[in-house]
Amino acid sequence: MATFELNGKEVTVNVPDDTPLLWVLRDELRMTGTKFGCGVAQCGACTVMLNGMTRRSCVTPVSMVDGSFVTTIESIDGPEAEAVQAAWEKLDVPQCGWCQSGQVMSATALLREIPKPTDEDIDNAMAGNICRCATYVRIRKAIHDAADTLEG
């Protein structure tokens, strides 16, 4: 059993301690915005925020989040998230969309840490997020656009 705050609301789940957070989110709590991609923390589709930091939910046992704060794509907010989402739409970043929740979570975390990232900062922060449609150029441009929007 684990109790944690999910998107601002306390939840308790009665599942084995080693159940990956991804499956708790999707199967138990019906939060399906977080996607399964690889199951080994290599693609980033399952990225969530755990206590404000990005975390791959496919390899995070639910016991690890007991007493923590988890934010999923369904609830990501704040100026950075809004700027990222607006830039994603403006530049038509998604193609198939499968990786996008993880991409948005990682880009938002990056802008919260580094408000005006360089290309190298972006590449380093987004390196664990795979886009099978190869929209990397648009992703980088959207992150710069979001940073510019935040800067004013």
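Residues numbered from 1 in each chain as written. Predicted model: local features only at pLDDT ≥ 70, side-chain atom pairs only at ≥ 80, totals over all residues. Heavy atoms only, no water.

In the nomenclature of an unreviewed UniProt entry, the protein chain corresponds to (2Fe-2S)-binding protein from the organism Sagittula salina.

Caption draft 1: Molecular detail of the overall build of the protein chain. Helix and strand counts for the protein chain come out as five helices and five strands. Helices and strands in the protein chain line up, N terminus first, as β-β-α-β-β-β-α-α-α-α. For 152 residues, the compact-globule estimate of 2.2 N^0.38 gives 15 Å, and the C-alpha radius of gyration of the protein chain, at 15 Å, lies within 12% of that figure. Burial statistics for the protein chain: of 152 residues in total, 45% are counted as buried. When contacts within the protein chain are restricted to residue pairs at least 6 apart in sequence, those whose partners lie at least 24 apart make up 60%. (Helix = DSSP H or I, 4+ residues; strand = E, 2+ residues; numbered from the N terminus. Rg over C-alpha atoms; globule rule 2.2 N^0.38 Å. Buried < 20%, exposed > 50% of the residue type's maximum accessible area, 1.4 Å probe, protein only. Contact = heavy atoms within 4.5 Å.)

Caption draft 2: Broad picture of the packing of aromatic side chains. In the structure shown here, the tally under the stated rule is one aromatic pair. Both rings, one in Trp-23 and one in Phe-36, keep their centres 5.4 Å apart while their planes meet at 35°; by these two values the pair is tilted. With Trp-23 in helix α1 (residues 21-28) and Phe-36 in the loop between α1 and β3 (47-50), this pair connects stretches of sequence that are 13 residues apart. The aromatic ring of Trp-98 is capped on one face by Lys-35, whose charged end is 5.1 Å from the ring centroid. (Phe/Tyr/Trp six-rings, centres within 6.5 Å; stacked < 30°, edge-to-face > 60°. Lys NZ or Arg CZ within 6 Å of the ring centre and 35° of its normal.)

Caption draft 3: Representation of the nonpolar core. Counting 24 residues, the largest nonpolar core has Val-84, Trp-88, Ile-139 and Ile-143 as its most contacted members. Contributing elements (two or more residues each) for this core: α2 (79-90), α3 (100-113), α4 (119-126) and α5 (136-151). No other element matches the six residues that α3 contributes to this core. Setting aside chain neighbours within four positions, we find Val-84 in contact with Val-104, Ala-107, Thr-108, Leu-111 and Ala-146. The next biggest cluster of nonpolar side chains, apart from the first, holds 15 residues, and it includes Phe-4, Leu-21, Val-24 and Val-70. (Core = buried A, V, L, I, M, F, W, Y, C linked by side-chain atoms within 4.5 Å.)

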